[in-house]
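Letter by letter, the chains look like this.
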Amino acid sequence: MPIATPEVYNEMLDRAKAGKFAYPAINVTSSQTLNAALRGFAEAESDGIVQISTGGAEFLGGQYSKDMVTGAVALAEYAHIIAEKYPVNIALHTDHCPKDKLDGYVRPLLALSKKRVEAGLNPLFQSHMWDGSAETLADNLEIAQELLEQARAAKIILEVEITPTGGEEDGVSHEINDSLYTTVEDAIRTAEALGLGEKGRYLLAASFGNVHGVYKPGNVVLRPDLLKELADGVAAKFGKAAPFDFVFHGGSGSTEQEILTALENGVVKMNLDTDTQYAFTRPVADHMFKNYDGVLKVDGEVGDKKTYDPRTWGKLAEKSMAARVVEATQNLRSAGNKIK
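Computed from a prediction, not measured in an experiment: that's the story for all the values here.

J.: Explain the sheet that holds strand E4 (residues 127–131) to me, please; I cannot follow it from the model alone.
T.: Pairing is parallel in the closed barrel, where 8 strands are placed in the order E1-E2-E3-E4-E5-E8-E9-E10. Shown here is a sheet whose adjacent strand axes are inclined to one another by a mean of 25°, direction ignored. Bridging between strand E3 (residues 90–94) and E4 involves 2 bridges; their strand directions are parallel. Considered in E4, the bridge of His 93 is made with Ser 127.

Laid out in structure tokens, this is it:
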């Protein structure tokens, strides 16, 4: 199947919300990791989301120019071709974009997709994220209003992060403290500014103790039950049940119960990066250690081309990362739930 159309992406999100499951959103930084993600979704018979962060896009753009838009567009165009060979629907998304990178990332991509839509084509990406968590909520929502209008014109869904996620990702960092919990008032202000669908569809990354990166049990207190409080508070004021499509950030390392509680409370997308990075790299390290004399020209020898050929260890990395994606679809209950 091809990359999801705007209509199919909306259907994917509607089905997830109604069925109380979520799609893993897998960060990719290369054609190899893209293929690993697609393979995992296909093997799990799950539709899914592939996303590119600002750092990932810069890496994809090549270290000569480090151009984020070029990198994101190049991989998206590649994905539109390669995804046709996989029997699942895949949405393309751009991950965390702070204020100082909007003009060099999200805004140009929105403009590009708008031109495509005006020419009768589908947008290049299906959703973009605005990360205003480092701004005041008032400034965050003011920018979100502008971006939501532009996204709607390009048939794109906007993701907004209204309060901080702890840890660090691509240069945006927040301390692990009480600010990592969105309040009902924050959610109400968001609904007042962005509407509840009538101004354009958006995904809401509310904070319930989420932290990016690697952390040991006990260092982070996740409260996925908070999502129900936010939804109920907004529903009571605006008269719309289950008003938000929630996103779970910092999903790597979460317990099964934390994930299930989040699903029951409206999460339709969960970001996964740290765990899939490790799954990709682990077999490569194993291969290099086991084949030290082959991958290096030790003591004047010639090495073993078959062991240092990138395809040899690349296949191992793809298989391992794909297996981690399958595991994610099972944890999030999207496995076997692809649109027929």
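J.: What should I look at first to understand the side chain of His 287 in this one?
T.: Tracing the backbone through its elements, the reader meets His 287 in helix H10 (residues 274–290). Owing to a relative accessible area of 8%, His 287 belongs among the buried residues under this scheme. Those residues in contact with His 287 that lie beyond four places of it in its chain are Val 295, Thr 307, Thr 312, Trp 313 and Leu 316.

J.: Please explain the packing of helix H2 (residues 31–44) against helix H13 (residues 310–331) as it appears in this structure.
T.: To describe two helices that pack against each other, one gives the angle between their axes and the distance between the axes. Viewed as axis vectors pointing N to C, H2 and H13 meet at an angle of 45°, and their least axial separation amounts to 7 Å. By the angle between their directions, the pair H2 and H13 is classed as oblique. Considering only the axes of H2 and H13, their crossing is right-handed. Contact residues: H2 offers Gln 32, Thr 33, Asn 35, Ala 36, Ala 37, Arg 39, Gly 40, Phe 41, Glu 43 and Ala 44, while H13 offers Pro 310, Gly 314, Glu 318, Lys 319, Met 321, Ala 322, Val 325, Val 326 and Thr 329.

J.: Is there a simple way to think about helix H9 (residues 256–264) in this case?
T.: For an α-helix, 3.6 residues make a turn, and residues three or four places apart therefore share a direction. When we look at burial in H9, the residues that qualify are Glu 258, Ile 259, Ala 262 and Leu 263. Projected down its long axis, H9 carries its buried residues within an arc of 135°, all on one side. In H9, the exposed residues that point more than 90 degrees away from the buried face are Glu 256 and Gln 257. On its buried face, H9 is in contact with helix H8 (226–238), strand E9 (245–248), strand E10 (267–272) and H13. Positive backbone phi, at 105°, marks Gly 266, one or two positions downstream of H9.

J.: Which parts of the structure should I look at to understand the layout of surface pockets?
T.: The gaps left among the atoms become clear once a water-sized probe is rolled over them. Taken as a whole, the second largest pocket holds about 200 Å³ of empty space. Considering the residues around the second largest pocket, the lining is formed by 16 residues, among which Lys 20, Ala 242, Glu 264, Asn 265 and Gly 266 are closest to the centre. Elements with a contribution of two residues or more to the lining of the second largest pocket: helix H1 (6–19), H8 and H9. Its residues assigned to classes, the lining of the second largest pocket comprises 9 nonpolar, 2 polar and 5 charged.

J.: What exactly am I supposed to notice about helix H6 (residues 137–153) here?
T.: Taking 1.5 Å of rise per residue, the 17 residues of H6 would be expected to cover 24 Å, and the 24 Å separating its terminal C-alpha atoms lies within 8% of that figure. Residues of H6 that are buried: Leu 137, Asn 140, Leu 141, Ile 143, Ala 144, Leu 147, Leu 148 and Ala 151. Taken down its axis, H6 places every buried residue within 165° of arc, on the same side. Set apart from the buried face of H6 by more than 90 degrees, the exposed residues are Glu 142 and Glu 149. Against the buried residues of H6 lie helix H5 (106–118), E4, strand E5 (157–161), helix H7 (184–194) and strand E8 (202–205). Of the residues trailing H6, Lys 155 is marked for its positive phi of about 60°.

J.: Quick question: what am I supposed to make of the pattern of salt bridges here?
T.: Where side chains of opposite charge bring their charged atoms close, a pairing between them can arise. If you walk through the whole model with that rule in mind, you get 15 salt bridges. Two residues, Lys 269 and Glu 159, come together in a salt bridge whose shortest N-O distance is 2.9 Å. Taken as a pair, Lys 269 in strand E10 and Glu 159 in strand E5 lie far apart in primary sequence, 110 residues in all. No difference in accessibility class separates Lys 269 from Glu 159, as the two residues are buried.

J.: How should the nonpolar core be read in this particular structure?
T.: Nonpolar side chains in soluble globular proteins tend to end up buried together. In terms of nonpolar packing, the biggest core is built from 79 residues, with Val 50, Tyr 105, Val 160, Phe 244 and Phe 246 touching the most fellow members. Excluding anything up to four places from it in sequence, Phe 246 contacts Leu 204, Ala 206, Leu 227, Leu 230, Ala 231, Asn 265, Gly 266, Val 267, Val 268 and Lys 269. One finds Ala 4, Leu 13, Ala 16 and Val 247 within the second-largest nonpolar core, a separate group that totals 16 residues.

Conventions adopted
Residues numbered from 1 in each chain as written. Predicted model: local features only at pLDDT ≥ 70, side-chain atom pairs only at ≥ 80, totals over all residues. Heavy atoms only, no water. Pairing = 2+ DSSP bridges. Helix = DSSP H or I, 4+ residues; strand = E, 2+ residues; numbered from the N terminus. Axes fitted to C-alpha atoms, helices over the stretch in contact; angles between N-to-C directions. Buried < 20%, exposed > 50% of the residue type's maximum accessible area, 1.4 Å probe, protein only. Contact = heavy atoms within 4.5 Å. Parallel < 35°, antiparallel > 145°, perpendicular 65-115°, else oblique. Left-handed = near helix turned anticlockwise from the far one by under 90°. Arc of directions from axis to C-beta. 1 Å grid on protein atoms, 1.4 Å probe; cavity = no way out; pocket = protein on both sides within 12 Å on 5 of 7 lines; lining within 4 Å. Points joined across faces, edges and corners; volume = space filled by probe spheres on them. Nonpolar A, V, L, I, M, F, W, Y, C, P; charged D, E, K, R; others polar. Expected span 1.5 Å × (residues − 1). Salt bridge = Lys/Arg side-chain N within 4 Å of Asp/Glu carboxyl O. Core = buried A, V, L, I, M, F, W, Y, C linked by side-chain atoms within 4.5 Å.

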